[in-house]
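So you can see what is in the structure, the chains are spelled out below.
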Amino acid sequence: MSRQAGSVVDVLPDRTSETFAAWLMEHPGAEIICRDRATAYTKAVREAAPHALEVADRWHLLQNLSAAVEKTCHQHRDCLRKRAEEETATEVPEPPPMLIPPAELPRTQIIERTRHRYEDIHRLPKKRWTISAIARRLNLDRKTVRRFRDTDLDELLASARERRPNGVLEPFKAYLNARFTEAQGQVSGTRLSLEIQARGYRGSRQVVRKHLAALRAGTAEPVRADIPSPRKITSWITRPRETLAESQDE
């Protein structure tokens, strides 16, 4: 991407360090290189443009920050939940977790791949690439290229979410996590399956058992309804020290 013109300069055939290094050598003078965290790019810049300033692009920076914050909140969910309960003790009780509308599904590999593929397929026709040429370039079937070209991104993402493993369990994870915590892990997958089936779950018991095993291993994905909201956590971080000291003394 050219900083002055704000337009695409070139599209490389792959993401290897050799290809990028060769391109940099053929186009010397790069002062700033915006990249993601792939090690291949680091190696190429070090070899072909060692004096260039490397910066992270905003999208990947925010994605990494979001993933780190969400992971941290999940690891400390017990103390965060306790803090949230203390602050809401005098407030109007909120509805049970299972009544909260399910949050937007987190970004997954299939969703990210769908986004990138959509961008690639819609960028190349502007350079007068044919369907066959795009299919060869991206190693895709021509029918796939046409579908991405003629379908809205929202519809493609919705289809990707439906293919997401365990997606049918997503609205019930907050309830399962709460029950798991209440029972201190002493609850069976069969019992939990029956409970969420009464609440509308139509998936298999195997998916429930898999999530229960992830909870016991501490590897389950965080559920937004299962931890305090980012706004609530931010209020704790930005609260004056005097107020925090008073609350600790209490």
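To start, this report covers the structure provided alongside it. From a predicted model like this one, the values you see are computed outputs, not experimental measurements.

1. Digging into helix α2 (residues 39-48)
- Buried within α2 are the following residues: A40, Y41, A44 and V45. Down the axis of α2, the buried set is contained in an arc of 130°. They therefore lie on one face. Exposed side of α2, more than 90 degrees from the buried face: T39 and R46 are the residues found there.
- On its buried side, α2 packs onto α1 (17-26), β1 (32-35) and β2 (53-56).

2. A closer look at the packing of helix α9 (residues 173-182) against helix α11 (residues 205-217)
- Contact pair α9 / α11: the axes reach a minimum separation of 11 Å and the direction vectors enclose 50°. Overall, the two elements α9 and α11 adopt an arrangement that is oblique. The handedness of the crossing between α9 and α11 is right-handed. Note on element contacts: α11 touches α9 through V208, H211, L212, L215 and R216, opposite K173, L176, N177 and F180.

3. Thoughts on the pattern of salt bridges
- With the rule as written, the count across this model stands at 6 salt bridges.
- Its salt-bridge partner being R35, residue E54 comes within 2.6 Å of it at the nearest N-O pair. Taken together, the positions of E54 in strand β2 and R35 in strand β1 put the pair 19 residues apart, joining distant regions of the chain.
- With relative accessibility at 19%, the residue R35 sits in the buried group.
- Here R191 makes a salt bridge to E195, at a shortest N to O gap of 3.0 Å. With a gap of 4 residues between them, R191 and E195 both fall in helix α10 (residues 189-197), about one helical turn apart.

Criteria and thresholds
Residues numbered from 1 in each chain as written. Predicted model: local features only at pLDDT ≥ 70, side-chain atom pairs only at ≥ 80, totals over all residues. Heavy atoms only, no water. Buried < 20%, exposed > 50% of the residue type's maximum accessible area, 1.4 Å probe, protein only. Helix = DSSP H or I, 4+ residues; strand = E, 2+ residues; numbered from the N terminus. Arc of directions from axis to C-beta. Contact = heavy atoms within 4.5 Å. Axes fitted to C-alpha atoms, helices over the stretch in contact; angles between N-to-C directions. Parallel < 35°, antiparallel > 145°, perpendicular 65-115°, else oblique. Left-handed = near helix turned anticlockwise from the far one by under 90°. Salt bridge = Lys/Arg side-chain N within 4 Å of Asp/Glu carboxyl O.

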